[in-house]
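# Summary of the model geometry
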Amino acid sequence: MNAKLKAKLFDWLKLAACVALGFPVLIYFLQERLIFFPQPLTQDPLKANTGAAIEAVSLSTYEGPELRGWLVHASATRTPAPILIYFGGNAEEVSWLASTAGQYAGWSLLLINYRGYGGSEGKPGEIELFADALQIYDYAAGRAQGGRVALMGRSLGSGVAVYLAAQRPVAGVILVSPYDSIESVARGVYPFLPIALMLKHRFDSLSRAAQIRTPLLCLVASEDRVIPRPHSERLYAAWGGPRQWREISPAGHDSIADAPEYWRAIAGFLQALG
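These figures come from a predicted structure and were not determined experimentally. (Residues numbered from 1 in each chain as written. Predicted model: local features only at pLDDT ≥ 70, side-chain atom pairs only at ≥ 80, totals over all residues. Heavy atoms only, no water.)

## A closer look at the pattern of salt bridges
For the structure shown, the criterion picks out 13 salt bridges. Measuring nitrogen to oxygen at the nearest pair gives 3.4 Å for the salt bridge that ties Arg 168 to Asp 138. With Arg 168 in the loop between helix H4 (156-167) and strand E6 (173-176) and Asp 138 in helix H3 (residues 126-143), the pair connects residues that are 30 residues apart, well separated along the chain. We classify Asp 138 as partly exposed; its relative accessible area is 38%. Several salt bridges converge on common partners, so that one network encompasses Glu 63, Arg 115 and Asp 132. (Salt bridge = Lys/Arg side-chain N within 4 Å of Asp/Glu carboxyl O. Helix = DSSP H or I, 4+ residues; strand = E, 2+ residues; numbered from the N terminus. Buried < 20%, exposed > 50% of the residue type's maximum accessible area, 1.4 Å probe, protein only.)

## What to know about the pairing of strand E2 (residues 66-72)
Most of E2 is tucked away, with 6 of its 7 residues classed as buried. Two elements, strand E1 (residues 54-60) and E2, share 7 bridges in a ladder whose sense is antiparallel. When the bridges of E2 are listed, Glu 55 appears paired with Leu 71. From the end of E1 to the start of E2, which pair antiparallel, there are 5 residues, and Gly 64 there has a positive phi angle of about 125°. The pairing of E2 with strand E4 (residues 108-112) spans 4 bridges and is classified as antiparallel. Pairing of Trp 70 across the sheet is with Leu 111, part of E4. (Pairing = 2+ DSSP bridges.)

So, in structure tokens, the structure goes:
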């Protein structure tokens, strides 16, 4: 092999090495942008739902950032009722759910945007979302009839709901398009990367599921291409309490809430909790 060819081959090897090493480093530093997609406030529920029993809520986190959202009361008289706390997806600003009042079988609905979403301050992260979830629960338990609280988590929010259910007593848990862990999902997308070494936000629901004894309703979309079905099935199989599996068809990851069956399943589950 002549010197010119050797030099060219060496240059290609250096380029390949830079790509092989540089891409994982890039993913490591950009992972917050791949996991969290903060969205601005799309509407003010107090203005969009004139006359509805909706109350603005602001919670101060321990580090300072304010979390903002709404308590959607179950009745026009704002009589205390059990509260369902909702944790949204990674690109979901939760104000739109204020218009779904009446779908929750007599439960009030607490909607608090993640840090950086809607009117909430700060930056999202696994540690931050988990700490905030505990504060949100404590607020809800203080406002709920008899301190009764249930949880609902969609996609990314399923990991927050599972964590909270493992830390606090809850009446029931609704998980929509849930996953076993972010690490497991990421390995399916990037099988060539050392995900276990790179990931800072693991949201490992599978490791917590067995200890949770509260009833579970698991809602999955028949055509979900974001959270493949096996990830939901593994979490469901590990759950430590009574469980129900409902597949919504036809539906995709982002269209599951368009189906009337979705809302009937939620209302039926909450009604059974009493």
